[in-house]
Amino acid sequence: MLYTMKDLLKVAQEHQFGVGAFNIASAEFARLAVETAEELASPLILEIHPDEMAFTGAEFIGYLRTLAVQARVPVVIHLDHGRTLEEVMKAIYAGFTSVMIDASAQPFEQNIALTRQIVDIAHTLNISVEAELGTIGMMAGSAEGGSEQILYTDPEEAAIFVRETGADTLAVAIGTSHGLYPHGKQPKLDIARLRQIRQAVTLPLVLHGGSGNKDSEVAEAIRMGVGKINISSDMKKAFFVALEEELKQGGHEPNALFIKPMQAASAVVAAKMALFGSVGKAALYR
């Protein structure tokens, strides 16, 4: 079932659970995510960064739409970190049901102006819009980008931003980073700040850099209004560690090589869905 982000997260917000947004850049990741979601009766967000779409080609989105339409669970196809109007428009033309415009590195007023422009276009076409206020950190191996210094979201600015832009979801900076954290380092979420943001705005919030965070803090963030949690590094690491082992065994055929890596990545997806509370929630959409 193909959904927009607005409709998907409306149900999640009403029932206080989160939905995982899994970054994919190949048919293998798309299939394992959809199959896991169907097995667990969980809603799902398939997420693609502009750099990933440059690799897959826009035609890949047609394949994702087919998977989503045929899936037994609600599925959103979402553009992750669109940086310009051009990148967002390419996604809209390709068939995404949700797009993100990330102008968080720009001055506040420019962020508002570009986000508002995207909202005006996307909403006309029944496409949801995610925006970002504050900046997410960046660790080694991040394909999604980020900032060397985290700029935390200001709750008062968040209220103004949401009112002026009309965005459907807001990605907030509360201490996370994209990519893999070094051994021994773990982020600490600013739950107090998140609580203040929740008091200032009512729309679903988004947590980027969801890999590597304490389960207890993620669960608390969902209770504080986070409806979408981005996952990339944890899932991909599991896949490629297993793939490396398969290659050491001398395998060469993709249909055999990818079975165990897909199973390893699927286990991560399943664990995240359980943590976010989305298991079994697909029934709420019928």
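Computed from a prediction, not measured in an experiment: that's the story for all the values here.

So, on to the overall build of the chain. Along its length, the chain carries twelve helices and ten strands. A globule of 286 residues ought to have a C-alpha radius of gyration of about 19 Å, and the chain, at 18 Å, matches this closely. Projected onto its principal axes, the C-alpha coordinates of the chain cover approximately 55 × 45 × 35 Å. For the chain, with 286 residues in total, the buried portion stands at 56%. Element-wise, carbon and sulfur atoms account for 53% of the exposed surface of the chain, whose accessible area totals about 12300 Å². For the chain, the distance from the average site of its 24 positive side-chain charges to the average site of its 34 negative ones is 6 Å.

This part covers the nonpolar core. With 74 residues, the main nonpolar core has Leu-44, Leu-64, Phe-96, Val-99, Leu-170, Leu-194 and Leu-205 as its most contacted residues. Beyond its immediate chain neighbours, meaning those up to four positions away, Phe-96 contacts Ile-48, Met-53, Ile-61, Ile-77, His-78, Leu-79, Ala-91 and Ile-127. Grouped together as the second largest cluster of nonpolar side chains are twelve residues, Tyr-3, Val-19, Ala-21 and Tyr-285 included.

Moving on to helix α4 (residues 59-70). For α4, spanning twelve residues, the distance from its first C-alpha to its last is 17 Å, which sits close to the expected 16 Å at 1.5 Å a residue. The complete set of buried residues in α4 reads Phe-60, Ile-61, Leu-64, Leu-67 and Ala-68. Down the axis of α4, the smallest arc covering the buried residues is 115°, so these residues share one side. Away from the buried face of α4 by more than 90 degrees, exposed residues Glu-59, Val-69 and Gln-70 are located.

On to the UniProt feature "binding site: Zn(2+) 2" (unreviewed entry) in the chain, then. Cross-referencing UniProt, the feature "binding site: Zn(2+) 2" (unreviewed entry) maps to Asp-102 and Glu-132 in the present numbering. A maximum C-alpha distance of 5.5 Å places the annotated residues, which cover 31 residues in sequence, within one compact spot. Tracing the backbone shows Asp-102 in the loop between β4 (98-101) and α6 (108-124). By relative accessible area, Asp-102 is classed as buried at 18%. One polar contact links Asp-102 to His-81, side chain to side chain, over a distance of 2.8 Å. Following the sequence through the fold, Glu-132 ends up in strand β5 (residues 128-133). Apart from the residues within four sequence positions on either side, Glu-132 is in contact with His-81, Met-100, Ile-101, Asp-102, Ser-104, Asn-111, Phe-161, Leu-170, Ala-171 and His-208. For Glu-132, the side chain forms a polar contact with the side chain of Ser-104, separated by 3.3 Å.

The next thing to look at is the sheet that holds strand β9 (residues 205-207). Ordered in space as β1-β2-β3-β4-β5-β7-β9-β10, the eight strands form a closed barrel in which the pairing is parallel. Between one strand and the next, the sheet's axes are offset by a mean angle of 25°, whatever the strand orientation. Judged from the three bridges that link them, β9 and strand β10 (residues 226-231) form a sheet pairing that is parallel. Residue pairing in the sheet places Leu-205 in a bridge with Val-226 of β10. Along the sheet, helix α5 (residues 85-94) makes contact with β3 (75-82) and β4, crossing β3 at roughly 160°.

Scoring rules and cut-offs
- Residues numbered from 1 in each chain as written.
- Predicted model: local features only at pLDDT ≥ 70, side-chain atom pairs only at ≥ 80, totals over all residues.
- Heavy atoms only, no water.
- Helix = DSSP H or I, 4+ residues; strand = E, 2+ residues; numbered from the N terminus.
- Rg over C-alpha atoms; globule rule 2.2 N^0.38 Å.
- Buried < 20%, exposed > 50% of the residue type's maximum accessible area, 1.4 Å probe, protein only.
- Areas by Shrake-Rupley, 256 points an atom, 1.4 Å probe, with all protein chains shown as cover.
- Lys, Arg positive; Asp, Glu negative; His and termini not counted.
- Charge placed at Lys NZ, Arg CZ, Asp CG, Glu CD.
- Core = buried A, V, L, I, M, F, W, Y, C linked by side-chain atoms within 4.5 Å.
- Contact = heavy atoms within 4.5 Å.
- Expected span 1.5 Å × (residues − 1).
- Arc of directions from axis to C-beta.
- UniProt positions renumbered as here; feature names shortened; annotations may be inferred.
- Polar contact = N/O pair within 3.5 Å; in protein donor to acceptor, adjacent residues only side chain to side chain.
- Pairing = 2+ DSSP bridges.
- Axes fitted to C-alpha atoms, helices over the stretch in contact; angles between N-to-C directions.

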